[in-house]
Amino acid sequence: MMLIPCPWCGPRNETEFHYGGQAGVAYPRDPQALSDAEWAQFLFFRDNPKGVFAERWMHRSGCRRWFDLRRDTATNEILGAGAHEEQERTVSV
Amino acid sequence: MSGPFRLADGGRIDRERPVSFRFDGRDLQGFAGDTLASALLAQGVHQVATGIRYGRPRGVLAAGPEEPNALVQIEKPFPEPMLTATTVELREGLEAVGLPGQGRLSPDPDPARYDAVHEHCDVLVVGAGPAGLSAALAAARSGARVVLADADTEFGGGLLGSGEMLDHAPALEWVERARAELARRSEVRLLPRTTVTGHYDANYLIAVEDRGPDAFTRQRTWHIRAHEVVLATGAHERPLVFADNDRPGTMLAGAARTYLHRYAVLPGRRAVVFTTDDGAYAAALDLCGAGVEIAAVVDARPEAPPFWAKRCAEQGIPVRTGHAVVGTTGEEHVTGARVAALDPDTGALGPEEHHACDLLLVSGGWNPAVHLYSQARGPLAYDEAAGAFLPSGSVPGVHPAGAAAGLRTTAQCLSSGAVAGVQAASRLGLEATAAPRPETDPHPVPKGRPLWRVPDPDAGDPGRTQFVDLARDATVADVEKAVGAGLSSVEHIKRFTTIGTGHDQGRTSGTVSSGIIAGLLGADLAEVGTTTFRAPYSPVSFAALAGRERGELYDPIRVTAMHDWHVEQGAPFENVGQWKRPWYYPRPGESMEAAVLRECRAVRTGVGMQDVSTLGKIDVQGPDAAEFLDLVYTNMMSTLKLGRIRYGLMCHADGMVFDDGTVMRTGEHRYLISTTSGGAAGVLEHLEDWLQTEWTHLRVHLTSVTEQWATIALAGPRSREVLERACTGIDLDNADFPFMSWRNGTIAGRRARVCRISFSGELAFEINVPWWHGRQVWDALYAAGEPFGITPYGTETMHVLRAEKGFPIVGQDTDGTVTPQDLGMGWAVSKKKADFIGARSFSRPDNTRTDRKQLVGLIPAAGEGVLPEGTQIVETRVLPRPPVPMLGHVTSSYRSAALGTPFALALVKGGRDRIGQTVYGHVGDRLVPVEITDPVFYDKEGARRDG
Amino acid sequence: MTADLYGASPLAVRADALAASSSPSTVRIAEVPFRAQVTLRVDPRGAAAERIGAALGAALPGPGGVARTERVAVLGLGPDEWLLVGPEGAAQGLQDTLTAALDRAFGAVVDVSAHRTIVQVSGPKAREVLNKGCALDLHPRVFASDRCAQTDVARTSAILMRHDVVEPGFWVFVRASFARYLADWLIDAAAEYGG
């Protein structure tokens, strides 16, 4: 049972959260300008590393805020969390 | 009374409280404080069970949860399979039978109560032996919140069975003082009879407390979140592997000592002690002192430990160094040990001698109980000196202590426990100091040298009776077979031989099997390693895992404000998500089919009412609300005028339909949107996701108000007349109150928001009032409708009526692979908006294929019944050879009063181009001809919605 | 009188069962119906938040905090979200106060009085009863008298607020549709303490 640090409510059991996959995948500015392949890349492709992963979580049972978290997917060690708007986008299409 | 092997005094049993029990059909007696195993041993009963593969007699090997052999099935007071006799507390009326390795579940429900509780503490100490008690005392004295859990019925751990002294008095007096001090502290919780079964992320541990059959709750599952964890889980003694090492009467040396000191039981009269470790000498001496004749101490090592050899000599106990027990005699009970000299380098055996005995004690060293440490991702390393895998490295907030950390003497355990307790408290910022360590018996630190396997003296089929895992009946021969087949990983060999997969999870066999494998492979044991330690540490019943989440409390039941009315009317309920929705309202003796046809007819020709409170409702407000709604719905919402309502479809970015509902503009910058009953939470999450993480510049706030409002649908050509009688403050004319608009009015004295929305195609209204007034307003509308024969209708009628109109239900007619265009709802997809969620996906090649499955209607051939939902649609009258090409499947299917025929909605490949064609539904072993039609069956012109 | 004004509260039908499961020496469970409840959304760093604080007579607390005035408890539910709880009938007045103080700044004020009802769980065993289904640490060292939390209780979501009056206690805010489930769960959880 991971203890996930919600930036607003403090550490809570993982069962209170909704997992949102890889962080930093921005919605394309102009989807219509993308090729079908580029659009498919945005829709369907995400990283899946063994190791440190920046990912999105939402505190479903609490404040319902989304935030980003860096977690080691092999050990579940949590390396840091922050409110979403304060974090930088690292990946975009 | 309680058996010929019981001593007249001593032990922790209560001779004033005899306990009657029945084992394998025999009526026996023991004492309060006995386990089933100790009570049986007191009677001289060693054979408790039989082996799972070969059916050989099996006895009691251990005195605790590591027992691999003595499996029993409890018959009374309640049936329970697969318990170990060494952990079953003896209770009056207990009835048990021995098991051949497998139990059976009772067909009767267990009447006992099981529950769960969450607990938080600063320091959790697992194990209440000398290390655990010292740790708990140190932590508690610092003011920390402490939980101390131990699987045994009383605290003391190894001290319970060792007869040691602390501070020149019996060690258990010190244990009692420690327990009493801890019990006095308000921030300490003591949990005896509680097994910590799992150690999960961030020091979340699961423990199961056995509260006994008389307690309110028989077992309680503790979910413990601890800042710091001290693992003082002790160690398990290892047996030795030699031929016929499974005879009843073969017992771990430490277990025999426990039976003597704790239960005042002599496990035999004449014993051979076979050891590779100093620890067994204490057992030999203690048993000797209690009157057991020690035929010999057989020590495989070249030299005996001088401290113990001297004491043996004083007692006249012969010690045979450089020798091994190579086999045993006896069938149902060991009758003798075959002893031979063993060359430590070549493994050559000398001539055999036979020692008669009725007890064969074995000790191959000790395995620290590292299970929880390993579950917590603590690394283990093989320690040559200890001859065992020990915790290595470190895990923040986890402190192994005592025997679990590889320590051997009580003095070491007391000290390391105190250090762990102080460290744990210090990490919390508390000031802690260890109390002075009580003075212990002056014993040297025991040493050992592992001997993983004694050579088999019996030529021919070696290793066949050298048992490695007694619980699985797996032998050295099995391991050799696995290695011979080319397996070299312990994990693979475990799966091949099943070693370590029994009820005991290989507590006595794990390291031994790794040692044997290393020997066979010629590999370093440190490299071979161990198999993975997984939770649970010991078996947990499903009832304990379920706790109170069963029956009515299994999952929440959500009800509306009008629920009791539906119950009073005798409506059966349909589960929609967690909601209970009335399905239909049968009259006395009426079938479901007849009731639904009647309800449908009432709505089409008169007036019906339905509780639609379950629809999700979200308040959307802010200066950018209109722009936001344009982005999340496929159709245009920003042009919606105050007082008006629009139907909307939501897609995910992949263009697949995800939810639908209405958008009601309630203010300049304010809207109330509705969602499907099951989709409310998902829609809110979806909207918050986009708002919070993508369109952070939009000034919009979302608030769930689903339960703020009770909602009543009034539908049918006479619905306006009903409302005229009940409602004031609204002009109900079509002109003043057109379709898809809302007004505020008053019903039964309550302010109500009335909407003209129809999900049946008929003239219809939806009335929203605060939850508290729902029942009252419902009653008022029902009364107002009585002159018109108002008919309450349920979800089934609602489904039929909407299907007649070709309105899809998201989640029933869609499955996450259906676009608006597939549904024939291209009209709800804006061509004007620059972008919205899903827009780009509609032009993906896959979404523009002409053979996509499209929503169509189906009419079965005359005389055919209702097609089952899920029916596969095929093209040909006769099934071709498999694989049969499938055209699609039926998503909704009903009988229709209005159409006079069964009908269905279906997703069919290229369906719209097939309208008019006959295809076939595969029903049972028949192919039923069905005609593909437009999905709108009734009132295609939409003439009925204005009444 | 109350029922006339407000209709039926979600747990009116469980009132007797809750009373029967209560015991003065261990745990008491009762519905606190019809409280005014208003959701407020506003940027806590802006002038509007200050105006609202002034109008209420209490600064808006941070997430998990509770501010109290004579009439109103203000629960911090998130970085820009609060739940205001007032006496029966106060919902419109509260909305008017908030809307006026907001003064067209970006924010939201929504009446949610009927969306949730409140169950009071109090007495020496209150914490133990709740912890059978709530994973939060409710120890007074951690969850003090000025704290609230949104979390799961049993298998439903709830807002918990410490509400110590004469004895330690909690208010559990639960959505109306889940109220009976929660009441039944509480009755079951309290059963061992005798009612």
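Parameters and conventions
Residues numbered from 1 in each chain as written. Chains lettered and ligands numbered in written order. Predicted model: local features only at pLDDT ≥ 70, side-chain atom pairs only at ≥ 80, totals over all residues. Heavy atoms only, no water. Helix = DSSP H or I, 4+ residues; strand = E, 2+ residues; numbered from the N terminus. Rg over C-alpha atoms; globule rule 2.2 N^0.38 Å. Buried < 20%, exposed > 50% of the residue type's maximum accessible area, 1.4 Å probe, protein only. Contact = heavy atoms within 4.5 Å. Areas by Shrake-Rupley, 256 points an atom, 1.4 Å probe, with all protein chains shown as cover. Lys, Arg positive; Asp, Glu negative; His and termini not counted. Charge placed at Lys NZ, Arg CZ, Asp CG, Glu CD. Core = buried A, V, L, I, M, F, W, Y, C linked by side-chain atoms within 4.5 Å. Phe/Tyr/Trp six-rings, centres within 6.5 Å; stacked < 30°, edge-to-face > 60°. Lys NZ or Arg CZ within 6 Å of the ring centre and 35° of its normal. Buried area = accessible area lost by both parts, 1.4 Å probe. Salt bridge = Lys/Arg side-chain N within 4 Å of Asp/Glu carboxyl O. Polar contact = N/O pair within 3.5 Å; in protein donor to acceptor, adjacent residues only side chain to side chain. Nonpolar A, V, L, I, M, F, W, Y, C, P; charged D, E, K, R; others polar.

*Asks:* Go over the overall build of chain C with me, naming the residues and quoting the values.
*Replies:* In terms of helices and strands, chain C carries six helices and 10 strands. Its C-alpha radius of gyration of 17 Å places chain C within 12% of the 16 Å reference for a compact globule of 195 residues. The principal-axis extents of the C-alpha atoms in chain C amount to approximately 50 × 40 × 30 Å. Considering chain C as a whole, with its 195 residues, one finds that 61% of them fall into the buried category. The contacts in chain C between residues at least 6 apart in sequence include a share of 63% that link residues at least 24 apart. For chain C, the exposed surface amounts to about 7300 Å²; the carbon and sulfur share of it is 51%. Each charge sign in chain C was given a centre, from 19 positive and 21 negative side chains, and these centres are 3 Å apart.

*Asks:* Talk me through the nonpolar core; I want residue IDs and the actual numbers.
*Replies:* Counting 77 residues, the largest nonpolar core has Leu36(B), Tyr259(B) and Phe274(B) as the members making the most contacts within it. Counting residues per element, this core draws most heavily on helix α5 (residues 279–289) of chain B, at eight residues.

*Asks:* Talk me through the packing of aromatic side chains; I want residue IDs and the actual numbers.
*Replies:* Taken as a whole, this structure holds 28 aromatic pairs over all chains when the rule is applied. Note on Phe903(B) and Phe937(B): the rings are 4.9 Å apart at their centroids and 65° apart in plane angle, and the pair reads as edge-to-face. Of this pair, Phe903(B) sits in strand β48 (residues 902–909) while Phe937(B) sits in the segment after β50 (926–933), placing them 34 residues apart in sequence. In terms of burial, Phe903(B) and Phe937(B) fall into one category: buried. Among the aromatic residues, those joined into a ring-pair cluster are Tyr27(A), Trp39(A), Phe42(A), Phe628(B), Trp690(B) and Trp695(B). Above the ring of Phe5(B), the side-chain terminus of Arg269(B) is found at 4.1 Å from the ring centroid.

*Asks:* Let's hear about the interface of chain B and chain C: which residues, and what values?
*Replies:* Listed by partner, the interface residues are 48 residues for chain B and 51 residues for chain C. Between chain B and chain C lies a buried interface of about 4000 Å² when both sides are counted; carbon and sulfur atoms form 51% of it. The interface formed by chain B and chain C includes 11 salt bridges. Between Lys132(C) and Asp115(B) there is a salt bridge; the shortest N-O distance is 3.9 Å. One can count 25 residue pairs in polar contact (both at pLDDT 80 or more) joining chain B with chain C. Sort the elements by how many residues they give to the side of chain B that touches chain C and strand β8 (residues 114–126) of chain B lands first, with six residues. Of the residues belonging to the side of chain B that touches chain C, the class tally is 16 nonpolar, 13 polar and 19 charged.

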